[in-house]
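An overview of the molecular structure
Spelled out, the chains give:
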Amino acid sequence: MTQDELKDAVAAAALDEIRPLLGQDVVIGIGTGSTADRFIDKLAALSGDFRGAVASSEASAQRLRGHGIDVFELNETGTVPVYVDGADEVNTHLQMIKGGGAALTREKVVAACAQRFVCIADGSKRVERLGDFPLPVEVIPMARSYVARELVKLGADPAYREGVITDNGNQILDCYEFMIDDPLAMEARLNAIVGVVTNGLFAARGADVLLLGTEQGVERLTPQ
């Protein structure tokens with residue numbers, strides 16, 4: 001199976017995962033990225049079975065509206081029963097690196113407000129140790145150089161993601177050569193740097209379920 005076929009398979013599996021949670025008053029959380037896009041496309045078939053969605057990016061919101069799905073602000077809903085999103089890397093504890101699409105802050109906010117987080121990913125995203133994928137850090141623009149120097153002190157090789165402005169009007173530093181032994185502690189340490197909005201480690205709020213596309217089919221995994 002191609003990577004695209006694996007993404008399609010996990011997107012379909014995610015529909016089955018969330019179906020029991022749907023209802024006419026239900027607003028669900030939707031992530032950002034190529035796998036989330038495939039889920040949105042399949043979700044359109046169930047658009048009459050739920051009220052609408054909260055999107056973690058303007059791009060996802062536009063795609064949802066294109067399928068006739070109403071998009072709500074998180075401040076209107078307070079919480080969502082389920083959040084479905086992809087990952088750039090995910091370990092056996094279902095801690096993740098996210099933010100390759102620069103939507104990490106809104107993704108983290110929606111995940112924090114979700115009663116259940118369903119991660120959908122193809123098998124290439126599963127790792128034993130996080131860090132091969134460059135860790136994104138969203139920073140306010142005036143703090144970019146300061147934050148970069150602090151990241152170097154932590155052992156990272158930060159690179160400014162030129163030409164990228166987040167939906168929040170901020171910038172991204174990608175941390176290369178930065179293998180992470182304790183994602184929970186590092187997430188807190190990075191967020192404590194003045195000028196950091198948030199970072200792409202999803203450890204304090206990891207996934208509750210991982211639907212992983214493999215050549216043998218979709219595996220349903222929970223944190224170890």
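Heads up: the structure comes first, above all this text.
Residues numbered from 1 in each chain as written. Predicted model: local features only at pLDDT ≥ 70, side-chain atom pairs only at ≥ 80, totals over all residues. Heavy atoms only, no water.

**Side note on unusual backbone geometry**
Keep this limit in mind: Each helix corresponds to a stretch of at least 4 residues labelled H or I by DSSP, and each strand to a stretch of at least 2 residues labelled E; elements are numbered beginning at the N terminus. Note on classification: 1.4 Å probe, protein chains only; a residue is buried when its accessible area is under 20% of the maximum for its type, exposed when over 50%, partly exposed between these limits.
Positive phi outside glycine occurs at leucine 94, with the angle close to 60 degrees. Note that leucine 94 resides in the loop between strand 4 (89–90) and strand 5 (96–97). The class for leucine 94 is buried, based on a relative accessible area of 1%. Backbone geometry at alanine 102 places phi at a positive 70 degrees, although glycine is not the residue there. Take alanine 102: its relative accessible area is 12%, and that puts it in the buried class.

**Some points on the packing of helix 2 (residues 34–43) against helix 3 (residues 58–66)**
Our working rule: All axes here are fitted lines through C-alpha atoms, helices being fitted over the stretch that makes contact, and every angle between N-to-C directions spans 0 to 180 degrees. Here the word oblique covers every angle except those under 35 degrees (roughly parallel), over 145 (roughly antiparallel) and from 65 to 115 (roughly perpendicular). Helix crossings are classified by the rotation of the near helix relative to the far one: an anticlockwise turn of less than a right angle makes the crossing left-handed, while a clockwise turn makes it right-handed. Residues are treated as being in contact if the distance between any of their heavy atoms lies within 4.5 Å. Under the convention adopted here, Pro, Cys and the residues Ala, Val, Leu, Ile, Met, Phe, Trp and Tyr are nonpolar, Asp, Glu, Lys and Arg are charged, and Gly plus all remaining residues are polar.
The N-to-C vectors of helix 2 and helix 3 enclose an angle of 20 degrees; their axes lie 9 Å apart at closest approach. By the criterion of interaxial angle, the relationship of helix 2 to helix 3 is roughly parallel. Handedness of the crossing formed by helix 2 with helix 3: right-handed. Packed against helix 2, whose contacting residues are Asp37, Ile40, Asp41 and Leu43, the element helix 3 presents Ser60, Arg63 and Leu64 at the interface. Classifying every residue of the contact of helix 2 with helix 3 gives 3 nonpolar, 1 polar and 3 charged.

**So, the pattern of salt bridges**
The line we're drawing: Here a salt bridge means any side-chain nitrogen of Lys or Arg lying within 4 Å of a carboxyl oxygen belonging to Asp or Glu.
Throughout the structure, instances matching the rule amount to 17 salt bridges. Between lysine 125 and aspartate 122 there is a salt bridge whose closest N-O contact spans 2.9 Å. Overall, aspartate 122 belongs to the buried group, its relative accessible area being 2%. The residue arginine 161 makes a salt bridge to aspartate 174 at a minimum N-O spacing of 2.7 Å. On the criterion of sequence distance, the pair formed by arginine 161 in the loop between strand 8 (157–160) and strand 9 (171–176) and aspartate 174 in strand 9 is long-range, its members being 13 residues apart. As far as the burial class goes, arginine 161 and aspartate 174 line up, both buried. Among the charged side chains, a salt-bridge network with shared partners connects Asp4, Asp8 and Arg38.

**Let's talk about the sheet that holds strand 2 (residues 52–55)**
Convention followed: Note: two strands are recorded as paired if DSSP finds a minimum of 2 bridges between them.
Here we have 6 strands laid out as an open sheet, ordered 2-1-3-6-12-13, and mixed in their pairing. A strand with exactly one partner marks an edge of an open sheet, and here the two such strands are strand 2 and strand 13 (217–221). With direction set aside, neighbouring strand axes in the sheet form an average angle of 20 degrees. Here 5 bridges tie strand 6 (residues 117–122) to strand 12 (residues 209–214), and the two strands are oriented parallel to one another. Residue pairing for strand 12: valine 118 is matched across the bridge by valine 209. Those strands touched by helix 1 (residues 3–18) are strand 1 (27–30), strand 3 (83–85), strand 6, strand 12 and strand 13, and its axis lies near 145 degrees from that of strand 12.

**A look at the side chain of serine 57**
Here serine 57 shows up in the loop between strand 2 and helix 3. Setting aside its immediate chain neighbours within four residues, serine 57 contacts Thr32, Ala103 and Asp167.

**Quick notes on empty space enclosed by the protein**
In plain terms, the rule: Using protein atoms alone on a 1 Å grid, points that fit a 1.4 Å probe yet trap it form a cavity, whereas open point sets bounded by protein on both sides within 12 Å along at least five of seven lines form a pocket; residues with an atom within 4 Å of a point count as lining. Grid points are joined across faces, edges and corners, and a volume is the space filled by probe spheres set on the points.
Overall, the coordinates contain 1 cavity of 30 Å³ or more when judged by the stated rule. In this structure, the largest cavity spans a volume of roughly 30 Å³.

**A short note on the pairing of strand 9**
With 5 of 6 residues buried, strand 9 lies mostly within the body of the structure. Of the pairings in the sheet, the one linking strand 7 (residues 135–139) to strand 9 comprises 5 bridges and is antiparallel in character. When the sheet's bridge partners are listed, valine 139 is paired in strand 9 with glutamine 171. Pairing of strand 8 with strand 9 involves 4 bridges; the strand directions are antiparallel. Bridged to alanine 159 within strand 9 is aspartate 174.

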